[in-house]
Amino acid sequence: MEKRICDVTNKEPQDKPEVLLLQPLSIYFEPILSQKYDLLKPWESPLPLNVFLPNHAQFVQAIISSGPNCLPIENSLLHLLPNLGIITAMTVGIDHIDLEACREKGVAVTNAGSTYSPDAADFAVGLLVDVLRQISMGDRFVRKGLWPVNGDGLLGAQVSGKRVGIVGLGSIGSHVAKRLTAFGCPISYFSRAPKPNYPSYKYFPNVLDLAHESDVLILSCALTAETQNIINRDVMIALGKDGIIINVGRGALIDEPELVRCLKEGVIGGAGLDVFVNEPEVPEELTYMENVVLSDHRAVTTPESFKGVLELAIANLDAFFSGKPLLSPVSC
Amino acid sequence: MDKIGVLVTHKPLPYLEQELTRRGCRLFRLWESPESRRLEFCRQNAADIQAIVGNSNYGADAATIDALPKLEIVASFSVGLDKVDLPKCKERGIRVTNTPDVLTDDVADLAIGLAISVMRRIPSADKYARSGAWKKGEYTLTTRFSGKRVGILGLGRIGLAIAKRAEAFDCPISYYSRSEKPHPNYTYYSTPIDLASNCDILVVACALTEETRHIINRAVIDALGPKGVLINIGRGPHVDEPELVAALVEGRLGGAGLDVFENEPHVPEELFALDNVVLVPHVASATIETRTAMADLVLGNLEAHFLKKPLLTPVV
């Protein structure tokens, strides 16, 4: 759909384009973005958002959505921005944006594209090796001074040869697959449709069948209505008592209370989790377990990824403001 | 192997102990004696000991070999033989076997796992996520692993397996070896310092010998530099440990992932406060699958010897 033309007669041609923020930008993004764009910061006003926007942002064409706490963008917000043409997300996950509402209103959405994929994949592999080979556990053991006391005895599980099932063979999933192939892991996957580009990876039409034939499940798909709680008790039973789940997607891909139960009961063998349903809350029972590795949603927070996503966001916004094709539009 | 006397130097894998016993061996458990009484233990039982099963920590040094005149074979539960006096064994006609190949994948897996762990600060993240202190404020940045230049010291079986994995992360591969190898995709450097100067992550994957002791010295550490990361899955004595500790504490080296130490099980406590190091207790081959395969090699070599058949993995 076409972008809307806004009334810019009150603005000088060399003025920076207005871009609305819904939450403060990270210090890694703010300096460069504020040089290029006139950033509107509603939280600096005492007015509530639904009063601020009609009065101060009625001509705004662009929003930058960024973390670590992305404000949800729903119909009610879009109604207040009649001239909005683009939402540029600094994240790859855009489950906080109502894509259907955006499509109806002709608002384009761009995300981080594949800029985060190497880091996300590295982190997924790192979590998997850590869980199986007990790296964080071994590190704790050594630092507590237990090695001279308890002697040798930590025995992990082999990574090479484990059957890896990837849930979502998109950019991140295919980067994971390439890496784990080099570890001698056969790759299978579940995706909305089979991927003809990857004939050596085995496709399964549903996650349950994938879990039956896998030792490890790696979650790297988008969170949508269809994928919420895609990892449920049945899937975990199918994965089995030595099975490992690695999540670098979104916490809500997994039925979290059920995950905790399954780990406690030994229904599955372990988990590596970078994301949780209600960050920064981490289910307390997980914090006592030795067969899990937890992290604070940092899979893609590297200077390299941030440099990449900043360049991409600017390229998308510049393209938008000059009527050119967007670089990383999200199709609904 | 009925009634064969086997000196076991270390507490063995239960499977190995069971199998040795089941096959009729008499086990002499050296690790149960305090260190100062071990030579005496050997002498007391010398008439009955024909084989040693050693490991990476306790092998068969000259004094032990001299104390055991009936010794015929040393079957090491390790691939590294730096703790076995090989010239002495040759001299005495004692056979020596190790456990190559079966542990190659595990060691390479751990090397890459440690590298990612150090660069992305995974143990630190785990500690923070468990602490209850996690607040979603500003981001914690850690540096990307993919694409970093990986330098491998020693391009043997393990070095090659590490290279293969690192390549999947788009890491350019370089190496130091006693001589250049036919790998056109990998850049050869003729000295460890040149290698260290030209890589971001340096992995020690060579055998420990007289020549490679302290091959990672202050000069090499300085060449690796404040953004460089050292991964040691070789042997503790490959690294000048006090120099390494000083460099890490002073920030002259960017980080380290260490599976081995000069004086195991003792690890320099100055490292415990650092979050740019990952420390694991010599676990590179510590998976149930691999340790079982290593045990099978030890058993297979011992049986072959006492049945006068060709050894499976002889070194001497």
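Keep in mind that what you see is a predicted model, and the values were worked out from it rather than measured. (Residues numbered from 1 in each chain as written. Chains lettered and ligands numbered in written order. Predicted model: local features only at pLDDT ≥ 70, side-chain atom pairs only at ≥ 80, totals over all residues. Heavy atoms only, no water.)

Enquirer: I keep staring at the domain arrangement of chain A and nothing clicks. Help me out?
Expert: Size of an interface: often given as the accessible area lost when the parts come together. Residue and element names in this part refer to chain A. In terms of domains, chain A is made up of domain 1 (18-115 + 304-321) and domain 2 (117-294). Domain 1 and domain 2 are separated by 32 Å when their C-alpha centres are compared. Opposite the six residues of domain 1 that make contact, domain 2 presents seven residues. Between domain 1 and domain 2 lies a buried interface of about 500 Å² when both sides are counted; carbon and sulfur atoms form 42% of it. Broken down residue by residue, the surface that domain 1 buries against domain 2 is led by Asp95, Ser114 and Ser305, which jointly contribute 65%. Along the contact surface separating domain 1 from domain 2 lie one salt bridge. A salt bridge links arginine 250 to aspartate 95; the nearest nitrogen and oxygen atoms lie 3.0 Å apart. Counted by class, the side of domain 1 that touches domain 2 contains one nonpolar, four polar and one charged residues. (Domains from an automatic or database assignment. Contact = heavy atoms within 4.5 Å. Buried area = accessible area lost by both parts, 1.4 Å probe. Salt bridge = Lys/Arg side-chain N within 4 Å of Asp/Glu carboxyl O. Nonpolar A, V, L, I, M, F, W, Y, C, P; charged D, E, K, R; others polar.)

Enquirer: It is not clear to me how the interface of chain A and chain B should be interpreted in this structure. Could you clarify?
Expert: With 63 residues of chain A at the interface, the matching set in chain B holds 63 residues. Of the roughly 5500 Å² buried between chain A and chain B on both sides combined, carbon and sulfur atoms contribute 58%. Our enumeration of links across chain A and chain B arrives at eight salt bridges. Note that lysine 136 of chain B and glutamate 279 of chain A form a salt bridge whose closest N and O atoms lie 2.8 Å from each other. There are 40 residue pairs in polar contact (both at pLDDT 80 or more) connecting chain A and chain B. Only helix 5 (117-133), helix 6 (135-143), helix 7 (147-150), helix 8 (171-181), strand 12 (292-294) and helix 12 (303-321) of chain A provide two or more residues apiece to the side of chain A that touches chain B. (Polar contact = N/O pair within 3.5 Å; in protein donor to acceptor, adjacent residues only side chain to side chain. Helix = DSSP H or I, 4+ residues; strand = E, 2+ residues; numbered from the N terminus.)

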